[in-house]
Amino acid sequence: MPKNKGKGGKNRKRGKNEADDEKRELVFKEDGQEYAQVLRMLGNGRCEAACIDGTKRLCHIRGKMHKKVWIAAGDIVLVGLRDYQDDKADVILKYMPDEARLLKAYGELPENTRLNEGIAGGLDEEEDGAGDDYIEFEDEDIDKI
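Just so it is clear, the structure is predicted and the values come from calculations on it, not from any experiment. (Residues numbered from 1 in each chain as written. Predicted model: local features only at pLDDT ≥ 70, side-chain atom pairs only at ≥ 80, totals over all residues. Heavy atoms only, no water.)

A. Geometry of the sheet that holds strand 4 (residues 76-81). Here we have five strands rolled up into a closed barrel, ordered 1-2-3-5-4, and mixed in their pairing. Across this sheet, the average inter-strand angle for adjacent strands is 50°, counted without regard to direction. (Pairing = 2+ DSSP bridges. Helix = DSSP H or I, 4+ residues; strand = E, 2+ residues; numbered from the N terminus. Axes fitted to C-alpha atoms, helices over the stretch in contact; angles between N-to-C directions.)

B. Summary view of the state of the cysteines. If you walk through the whole model with that rule in mind, you get zero disulfides. The structure places no disulfide on C47, whose sulfur is separated from the nearest cysteine sulfur, that of C59, by 4.7 Å. With no disulfide of its own, C51 has C59 as its nearest cysteine by sulfur position, at a separation of 5.6 Å. Note on C51: relative accessible area 5%, which makes it buried. (Disulfide = S-S within 2.5 Å. Buried < 20%, exposed > 50% of the residue type's maximum accessible area, 1.4 Å probe, protein only.)

C. Spotlight on the packing of aromatic side chains. Applying the stated rule across the entire model yields two aromatic pairs. Seen in terms of ring centroids, F28 and Y106 are 6.0 Å apart; in terms of plane orientation they differ by 55°. Their pairing is tilted. Placement of F28 in the loop between helix 1 (10-14) and strand 1 (33-43) and of Y106 in the loop between helix 2 (97-105) and helix 3 (139-144) is noted, with a sequence separation of 78 residues between them. For the ring pair Y35 and Y95, a centre distance of 6.0 Å and an interplane angle of 50° mean the geometry is tilted. (Phe/Tyr/Trp six-rings, centres within 6.5 Å; stacked < 30°, edge-to-face > 60°.)

Dropping the structure here:
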């Protein structure tokens, strides 16, 4: 039988993730950076995001965040733009929902940005309530059945 020489397995690598609860300083964009909303995850550390400047870009999640910070569709992220490729960017930071609300309040994000919803902006389904599955029957309708 081989002896285990390491200090632990997969669960040790994951850590306890205690830093989530702490408040961190709100990071604003600098030149060469842009706010974006994730449209869909593509796998292999990549996602498609709609930047605030109106461009849809293929974003690469940097190695420091890969498998440590989970990014889902609809999340607000800070991306670093590339000088040599305008249609690609790198995800630098994921904003927590309360940080995204603060960015919207400060006017950094446009008012039409939809926050903390699974599907990113522009896809308005069933806003008028026509898609309700609840059907109300009268008593006489029930008696006929």
